[in-house]
Amino acid sequence: MRTRVIVLGGNFGGLTAALAVKHELHGDVDVVVVSKDDHFLFNPSLIWLPFGKRDREDLTFPIAPTLEEHGIDFEHVAATGVDAEAKTVTLADGRELEYDYLVIATGYRNKDDVVPGFAENALNITTLPEAERAGEAWTRFLDDPGDVVVGATQGAGCFGAAYEFLFNMSHQLKKAGLKKQVKLSYVTSEPFLGHFGIGGLPHGEDLLGMFLKKEGIEANINTGIDHVESDAVVLGSGETLRSRYSMIIPPFLGQDFLLGTGLTDEKGYVKVRDTYQTEKYDDVYAVGIAAAVDAPWTTPTPVGIPKTGFPTEAMAHTAAKNIAAQVLGEVPTHEKAFGDIKAVCVMDAGNNGVIILADKMLPPRKHGVLIPGPQAHLMKLGFEKYFLWKMRNGHVMLP
């Protein structure tokens with residue numbers, strides 16, 4: 001019988017891992033993708049959806065045809081359990097699937113109870129349904145505008161999306177003729193502007209400060225949020241920011257069903273080595289947001305680490321190479337510590353933006369640069385089209 005690899009998840013990490021394993025072994029392996037979602041979602045463009053610049057059809061495609069074309073089986077059902085000793089995955093429909101190797105790429109869920117009132121009163125753009133809800137709220141806001149708060153809570157890590165939405169909000173307020181009558185505030189747990197959850201880059205604080213000053217945005221830095229009301233965001237200091245529209249990025253957590261498996265930390269993230277094998281099991285891997293990453297610092301207000309698409313792809317390819325080596329009877333020697341993966345990110349700002357490049361995701365680094373300008377906006381538009389084409393057609397070996 002051929003080796004069987006099960007991949008949990010079908011987005012950035014899962015789809016990349018499944019297709020890469022097939023490629024590494026020239027098709028001589030059985031791969032099964034298990035996912036409760038049957039569409040790939042290009043999460044980076046959710047920043048545009050609330051403003052009517054995108055809809056779900058622009059950002060998604062069905063993964064079944066892509067998997068079928070590449071000889072990969074697809075189980076459109078949620079996983080509910082993993083038994084690493086028995087080497088089985090339990091599905092929501094009661095079935096059990098056996099595996100030789102397992103890749104956990106189950107992404108994240110929002111910590112909706114991060115502060116009182118968040119689930120009831122805050123908007124966010126971290127999932128497609130939530131981004132659509134933020135779009136409905138934007139439509140209502142245009143009929144009855146008021147002050148706006150954009151930010152990220154204590155423990156959040158997805159600061160890039162918060163900044164992008166902030167500057168896109170400023171751009172859209174201008175287009176709607178509302179900029180002068182709306183106070184726009186930014187709230188962040190970052191110890192300084194431009195920390196991004198990766199320790200910051202040279203001149204980043206000055207550059208972001210210049211952007212905020214130019215746009216007339218008030219920044220509240222190194223602060224937690226105490227609670228969110230229907231018309232206000234109350235900071236940990238007790239200060240109240242009145243708000244008609246509050247878009248707040250929460251912390252992420254791993255999936256609930258993994259908590260009882262013995263594979264995770266208390267947040268549900270799977271603890272891995274630099275090979276992306278789990279600490280205890282050589283035949284179980286985790287990539288992307290599902291993999292635990294330790295921050296090499298402490299901050300006065302807790303700050304998470306962003307596990308974005310670029311490092312997720314790198315992690316998935318590393319795991320695929322190691323699985324292929326094991327299948328061929330070799331020792332898995334491919335390593336790529338999360339902190340050593342290059343930082344490559346494009347931060348959009350409506351009709352402007354910043355290209356972020358560094359030799360490593362986490363410090364210490366030798367090189368890091370932020371390049372501002374309208375070319376960043378154009379680059380993000382082009383990358384969106386390229387990446388969706390690449391993934392839809394299964395060309396994961398392309399850069």
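Residues numbered from 1 in each chain as written. Predicted model: local features only at pLDDT ≥ 70, side-chain atom pairs only at ≥ 80, totals over all residues. Heavy atoms only, no water.

A look at the packing of helix α6 (residues 159-175) against helix α7 (residues 204-215)
Next up, step 1: Here α6 crosses α7 at 25°, and the two axes come no closer than 11 Å. Compared by their axis directions, α6 and α7 come out roughly parallel. Crossing of α6 against α7: the hand is left-handed. Of α7, the residues touching α6 (which contributes Y163, L166, F167, S170 and K174) are L208, F211, L212, K214 and E215.
Next up, step 2: In the contact of α6 with α7, the residues fall into six nonpolar, one polar and three charged. (Axes fitted to C-alpha atoms, helices over the stretch in contact; angles between N-to-C directions. Helix = DSSP H or I, 4+ residues; strand = E, 2+ residues; numbered from the N terminus. Parallel < 35°, antiparallel > 145°, perpendicular 65-115°, else oblique. Left-handed = near helix turned anticlockwise from the far one by under 90°. Contact = heavy atoms within 4.5 Å. Nonpolar A, V, L, I, M, F, W, Y, C, P; charged D, E, K, R; others polar.)

As for the layout of surface pockets
Next up, step 1: Its volume calculated, the second largest pocket comes out at about 440 Å³.
Next up, step 2: What lines the second largest pocket is a set of 21 residues, and nearest its centre among them are K267, Y269, V293, G304 and I305.
Next up, step 3: In terms of residue class, the lining of the second largest pocket is built from 13 nonpolar, three polar and five charged. (1 Å grid on protein atoms, 1.4 Å probe; cavity = no way out; pocket = protein on both sides within 12 Å on 5 of 7 lines; lining within 4 Å. Points joined across faces, edges and corners; volume = space filled by probe spheres on them.)

A look at helix α9 (residues 374-392)
Next up, step 1: Counted at 1.5 Å a residue, the expected span for α9 with its 19 residues is 27 Å, and the 28 Å between its end C-alpha atoms agrees.
Next up, step 2: Inspection of α9 places A376, H377, K380, E384, F387, L388, K390 and M391 among the buried residues, and these make up the whole buried set. On an axial view of α9, the arc spanned by its buried residues comes to 155°, and they lie on one face. Facing away from the buried side of α9 by over 90 degrees, the exposed positions are L378 and K385.
Next up, step 3: G394 sits one or two positions beyond α9 and adopts a positive phi of about 75°. (Expected span 1.5 Å × (residues − 1). Buried < 20%, exposed > 50% of the residue type's maximum accessible area, 1.4 Å probe, protein only. Arc of directions from axis to C-beta.)

Considerations on the pattern of salt bridges
Next up, step 1: Within the structure shown, the criterion is met by 22 salt bridges.
Next up, step 2: A salt bridge links R56 to E132; the nearest nitrogen and oxygen atoms lie 2.8 Å apart. Placement of the pair is R56 in helix α2 (residues 56-59) and E132 in helix α5 (residues 128-143), with a sequence separation of 76 residues.
Next up, step 3: On the basis of relative accessible area, R56 is assigned to the partly exposed category, the value being 34%. (Salt bridge = Lys/Arg side-chain N within 4 Å of Asp/Glu carboxyl O.)

Some thoughts on the packing of aromatic side chains
Next up, step 1: Across all of its chains, the model carries 21 aromatic pairs by this definition.
Next up, step 2: When the centroid spacing of 6.2 Å and the interplanar angle of 35° are considered together, the rings of Y386 and W389 count as tilted. Note that Y386 and W389 are positioned in helix α9 at a spacing of three residues, about one turn of the helix.
Next up, step 3: Looking at Y386, the relative accessible area reads 28%, which means it is partly exposed.
Next up, step 4: Taking the relative accessible area as the measure of exposure, W389 reaches 43% and is therefore partly exposed.
Next up, step 5: Pairwise contacts between aromatic rings join F12, F40, F42, F61, F383, Y386, F387 and W389 into one cluster.
Next up, step 6: Sitting over the ring of Y269, K307 keeps its end group 3.9 Å from the ring centre.
Next up, step 7: For the cation-ring pair, K380 lies above W48, with the distance from its terminal atom to the ring centre recorded as 5.7 Å. (Phe/Tyr/Trp six-rings, centres within 6.5 Å; stacked < 30°, edge-to-face > 60°. Lys NZ or Arg CZ within 6 Å of the ring centre and 35° of its normal.)

Concerning the nonpolar core
Next up, step 1: In this structure, F40, I104, F167 and Y245 are the most contacted members of the largest nonpolar core, which totals 116 residues.
Next up, step 2: Per-element accounting of this core gives the leading share, nine residues, to α6.
Next up, step 3: Ignoring any residue separated from it by four or fewer positions in sequence, one finds I104 in contact with L8, L258, L263, V270, V284, Y285, A286, V287 and A290.
Next up, step 4: By size, the runner-up hydrophobic cluster in this structure holds 12 residues, among which are V114, A122, V228 and I248. (Core = buried A, V, L, I, M, F, W, Y, C linked by side-chain atoms within 4.5 Å.)

With respect to unusual backbone geometry
Leave glycine aside and you will find that most residues have negative phi; peptide bonds, for their part, are mostly trans.
Next up, step 1: A cis amide bond links P363 to the next residue, P364, at an omega of 5°.
Next up, step 2: Among the structural elements, P364 can be located in the loop between β21 (353-358) and β22 (368-372).
Next up, step 3: A positive phi angle is found at F196, which is not glycine, with a value near 65°.
Next up, step 4: Mapped onto the secondary structure, F196 falls in the loop between β12 (184-187) and α7.
Next up, step 5: Of note, the phi angle at N222 is positive, near 55°, even though the residue is not glycine.
Next up, step 6: Locating N222 in the fold gives a position in the loop between β13 (218-220) and β14 (225-229).

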